[in-house]
Amino acid sequence: MTWSRATETRAAAILARYPEKRSAVMPLLYLAMAEEGGDLTEDGMRRVAELTGLSAAQVQAVASFYTMYKRDGVGRYLVSVCTSISCMLCGGDEVLDAVADETGVPDGETGEDGLFSVEHVECIGACGGAPAVQVNYELVEGVTPEQARSLCRWLAEQRPETVVGDDLQERFGGQRSFDWGPEEAEGATGPVPAFGPLGTTGERS
Amino acid sequence: MTRILLSRMEAHPSDSHTLARYEATGGYAPLRKALGMAPEDIVAEVKAANLRGRGGASFPCGVKWGFLAPAEPRYLVINADESEPGTFKDRQLLERDPHQLLEGIIISSFALGVHHAFVYVRGEYPRPARRIQAAIDEAYAAGYLGADVAGSGYSLDVTVHLGGGAYICGEETALLNSLEGRRGEPRIKPPFPAVEGLYAKPTIVNNVETISNIPWIVEHGGAAYDAIGPEGSRGTKLFSLSGHVRKPGNYELVMGMSWREMIYDIGGGIRDGNALKAWIPGGASAPWFVEEHLDTPVTIDDIASNLSMIGSGAIVVMDETTCMVKAALRVVRFFSHESCGQCTPCREGTTWLQQVLTRLEAGDGRDIDLDLLLDISDNISPGLAWPPGMTTICPLGPSAVSPITSLAKYFKDEVVAHVHEGGCPLA
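Residues numbered from 1 in each chain as written. Chains lettered and ligands numbered in written order. Predicted model: local features only at pLDDT ≥ 70, side-chain atom pairs only at ≥ 80, totals over all residues. Heavy atoms only, no water.

1. Some remarks on the overall build of chain B
Looking only at helices and strands, chain B has 19 helices and eight strands in total. Against the 2.2 N^0.38 benchmark of 22 Å for 427 residues, chain B shows a C-alpha radius of gyration of 22 Å, consistent with a compact globule. Over its C-alpha atoms, taken along the principal directions, chain B stretches across nearly 75 × 45 × 35 Å. Across the 427 residues of chain B, 62% fall into the buried class. In chain B, the share of contacts with a sequence separation of at least 24, taken over all contacts with a separation of at least 6, comes to 71%. If you sum the accessible surface of chain B, you get close to 14,200 Å²; carbon and sulfur atoms cover 52% of it. (Helix = DSSP H or I, 4+ residues; strand = E, 2+ residues; numbered from the N terminus. Rg over C-alpha atoms; globule rule 2.2 N^0.38 Å. Buried < 20%, exposed > 50% of the residue type's maximum accessible area, 1.4 Å probe, protein only. Contact = heavy atoms within 4.5 Å. Areas by Shrake-Rupley, 256 points an atom, 1.4 Å probe, with all protein chains shown as cover.)

Here it is in structure tokens:
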């Protein structure tokens, strides 16, 4: 199989960033996810193998090692709640309960309608603004359980094409780890980290 | 107040991340100076600075550079896989002053004879990755990167690589495996990366904060850096304060103050007027400190002689309402989840530690449980000493032992109470 022409062009650009093709496996796996709306499929992994000269098993071995490659499918909005030590001390567990309750999706699962996946995560480097949440890896800091509920309701009602961290922080956030500086319009178009070279970055919609 | 790392973002919060502001505040002048120096003279300045690595191990940066083998090509890899629970300093440096890091990368690469550098950013940091990539794009356009760096004839490319959500990739050999497109499993050392690193070529792996200091050192000289702070803890250090303090955040500090000053003056004291119970002085891997340590100094060597470590500079403060069994379980759960699975004592041991702590916290603990926790820990880290003994390839397993030995040392009564009262006595 091959991907769309645009995705194949992007894959070639990613391969050109590295001295050895194999190093492109991880970014290409993100590309494969973005192509399939967030899911990492067997076909996707096979294409990554073809492009990098590895076997499908070698690619699968890499994909299964890292938590961000979602081989069991993932919702349109991946809500990750930090419950590591600093966030736990500041109420992260209660935020996780609120998110699970409001979305009806238990920790570690994806809802039947495919709108939300909910997961607890280990430290996401937002301890000064604990407790912290990410939606499609876009960060919001200083979230109360009630704000977390509002965030989930807003996502379900608005269904934004692009999720932008600054926007979430403005609407639902509180204490930040540090001054974020000027607002940024770029954000995630799916449950894959929004990064230009991966083609997963979108302007605010 | 001595400022090396945060001065630009504090003075110019609206645009400290842009090339225009960076150049307007003296940026890339150190690079021009460096390009006129002999590479070995730059290395000598960094050695003279006595800059110790800011990623966790505190290894002297100049000494590490001195180990680089002569084979070609060589690589510089920046470790921006900041994942130690409690740590968020590199995120601020990446987002708010990416050109400071990038200039450090260019100078360091020139000094080390490197023509391709990588920045390995953890996958959960898309915004920091976007900011450093934008800085790189600006630098290419301005001629600070590419085939002819600032008209010197020296060539350098920089590639940003996004991780996949694995703490272990902060360990430098795991990071290199990951960057090669493999599972992030640490390698047996030796050979060290300086001899056989990325693609089995000589490689230096340095932390974001470490390299962000390099432009200042080149501009002012190694001796000027070495004149700041106490011996063994030269320069400034970023500390990430979190947990039950009134003023969490990142603080750039000259070391040498007491822990009392750190927690009560800089951190603003404990929230809600509560009493301090314990704190983690250097990230989740570090053994905990309690009241008796309040008047000991915050330096790399003093923390070590008090049997813990400065680590990444992450200070997690816990007040009197904190259940220490729950806190220990949360730290152990982290290491259990992040164990790569290569070494049996770590893979199985962290799982067992988590299981025993889980039943203790739930009120189903047994009288033998503290001894059992210590016995499991002794199999991961023989002797339960500090610095820790190892039965594993990397220090992740022994890190999971830190909360257990801390519990046994300072909170034994609280553990016993969990058993006898069928749950947390604070609940």
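The structure having been displayed, the exposition proceeds.
2. What to know about the pairing of strand 7 (residues 276-280) of chain B
Residues and elements named next belong to chain B. Of all five residues in strand 7, five are buried, a share of seventy percent or more. Relative to strand 8 (residues 314-319), strand 7 runs antiparallel, the two being bridged by four bridges. Pairing of Ile 280 across the sheet is with Val 316, part of strand 8. (Pairing = 2+ DSSP bridges.)

3. Considering the packing of helix 2 (residues 25-35) of chain A against helix 3 (residues 42-52) of chain A
Residue and element names in this part refer to chain A. Put simply, helix 2 and helix 3 touch, their axes get as near as 9 Å, and they point 145 degrees apart. The interaxial crossing formed by helix 2 with helix 3 has right-handed handedness. Along its contact with helix 2, which presents Val 25, Leu 28, Leu 29 and Ala 32, the element helix 3 presents Gly 44, Met 45, Val 48, Leu 51 and Thr 52. Looking at side-chain class alone, the contact of helix 2 with helix 3 contains seven nonpolar, two polar and no charged residues. (Axes fitted to C-alpha atoms, helices over the stretch in contact; angles between N-to-C directions. Left-handed = near helix turned anticlockwise from the far one by under 90°. Nonpolar A, V, L, I, M, F, W, Y, C, P; charged D, E, K, R; others polar.)

4. Let's talk about the environment of Ser23(A)
Within the secondary structure, Ser23(A) is located in the loop between helix 1 (5-15) and helix 2. Residues Ser23(A) and Thr2(A) lie 21 residues apart in sequence; the distance between their C-alpha atoms is 20 Å. With near-sequence residues (within four places) excluded, Ser23(A) lies in contact with Tyr18(A), His161(B), Leu179(B), Glu180(B), Gly181(B) and Tyr199(B). Within the local environment of Ser23(A), its side chain forms a polar contact with the backbone oxygen of Leu179(B), the two atoms lying 2.6 Å apart. (Polar contact = N/O pair within 3.5 Å; in protein donor to acceptor, adjacent residues only side chain to side chain.)

5. What to know about the domain arrangement of chain B
All names here are of chain B. By domain assignment, chain B separates into domain 1 (7-226), domain 2 (236-319) and domain 3 (324-420). The centre of domain 1, based on its C-alpha atoms, is set 35 Å off from the matching centre of domain 3. Summed over both partners, the interface of domain 1 with domain 3 buries about 820 Å², with 73% contributed by carbon and sulfur atoms. Broken down residue by residue, the surface that domain 1 buries against domain 3 is led by Tyr 167, Ile 168 and Pro 186, which jointly contribute 53%. (Domains from an automatic or database assignment. Buried area = accessible area lost by both parts, 1.4 Å probe.)

6. Here's the deal with the interface of chain B and chain A
With 67 residues of chain B at the interface, the matching set in chain A holds 55 residues. Where chain B abuts chain A, roughly 4,900 Å² becomes buried across the two surfaces, and 56% of that area is made up of carbon and sulfur atoms. Our count for the chain B to chain A interface comes out at nine salt bridges. One salt bridge in this structure joins Asp93(A) and Arg330(B), with 2.8 Å as the shortest N-O distance. Tallying contributions element by element places helix 15 (residues 324-338) of chain B first for the side of chain B that touches chain A, with eight residues. (Salt bridge = Lys/Arg side-chain N within 4 Å of Asp/Glu carboxyl O.)

7. Thoughts on helix 15 of chain B
In this model helix 15 of chain B runs 21 Å from its N-terminal to its C-terminal C-alpha over 15 residues, within 8% of the 21 Å that 1.5 Å per residue would give. Buried residues dominate helix 15 of chain B, accounting for 13 of its 15 residues. (Expected span 1.5 Å × (residues − 1).)

8. Here we look at the packing of helix 6 (residues 92-103) of chain A against helix 7 (residues 145-158) of chain A
Residues and elements named next belong to chain A. Look at helix 6 against helix 7: their axes get within 8 Å of each other, and the N-to-C directions meet at 30 degrees. Judged on the interaxial angle alone, helix 7 and helix 6 are roughly parallel. Both helix 6 and helix 7 take part in a crossing whose hand is right-handed. For the pair helix 6 and helix 7, the contacting residues are Glu 94, Val 95, Ala 98, Val 99, Asp 101, Glu 102 and Thr 103 in the first and Pro 145, Ala 148, Arg 149, Cys 152 and Arg 153 in the second. Counted by class, the contact of helix 6 with helix 7 contains six nonpolar, one polar and five charged residues. (Parallel < 35°, antiparallel > 145°, perpendicular 65-115°, else oblique.)

9. Quick look at the sheet that holds strand 5 (residues 236-243) of chain B
Residue and element names in this part refer to chain B. Read across the sheet, four strands follow the order 6-5-8-7 without closing on themselves; strand pairing throughout is mixed. A strand with exactly one partner marks an edge of an open sheet, and here the two such strands are strand 6 (249-254) and strand 7. Sheet twist, expressed as the average angle between the axes of neighbouring strands with direction ignored, equals 30 degrees.

10. Some remarks on helix 4 (residues 56-63) of chain A
All names here are of chain A. Looking only at helix 4, the buried set comprises Val 59, Val 62 and Ala 63. Along the axis of helix 4, the buried residues cluster in a sector spanning 100 degrees; they form a single face. Those residues of helix 4 that are buried lie in contact with helix 2 and helix 3. (Arc of directions from axis to C-beta.)

11. Notes on unusual backbone geometry
Look at the link from Ala130(A) to Pro131(A): it is a cis peptide, with omega at -5 degrees. Looking at where Pro131(A) falls in the secondary structure, it is placed in the loop between strand 3 (116-121) and strand 4 (133-135). Pro190(B) connects to Pro191(B) through a cis peptide bond whose omega is 5 degrees. Mapping Pro191(B) onto the fold places it in the loop between helix 9 (172-179) and strand 4 (203-207). The phi dihedral of Tyr199(B) falls on the positive side, at around 50 degrees, and the residue is not glycine. In this fold, Tyr199(B) is placed in the loop between helix 9 and strand 4. For Tyr199(B), a relative accessible area of 12% puts it in the buried group. Its identity as a non-glycine residue notwithstanding, Ala200(B) has a phi of 65 degrees, on the positive side. Along the chain, the position of Ala200(B) falls in the loop between helix 9 and strand 4.

12. Some words on the pattern of salt bridges
In this structure the tally under the stated criterion is 42 salt bridges over all chains. We note a salt bridge from Glu10(B) to Arg3(B), for which the minimum N-O separation is 2.8 Å. Under the relative-accessibility criterion, Glu10(B) is labelled partly exposed at 45%. The exposure class of Arg3(B) is partly exposed, given its relative accessible area of 22%. Linking Arg91(B) and Glu95(B) is a salt bridge whose minimum nitrogen-to-oxygen distance equals 3.3 Å. With Arg91(B) and Glu95(B) both in helix 6 (residues 89-96) and four residues apart, the pair spans about one turn of that helix. With relative accessibility at 1%, the residue Arg91(B) sits in the buried group. Connected via shared salt-bridge partners are Glu138(A), Glu184(A), Glu186(A), Arg130(B) and Arg131(B).

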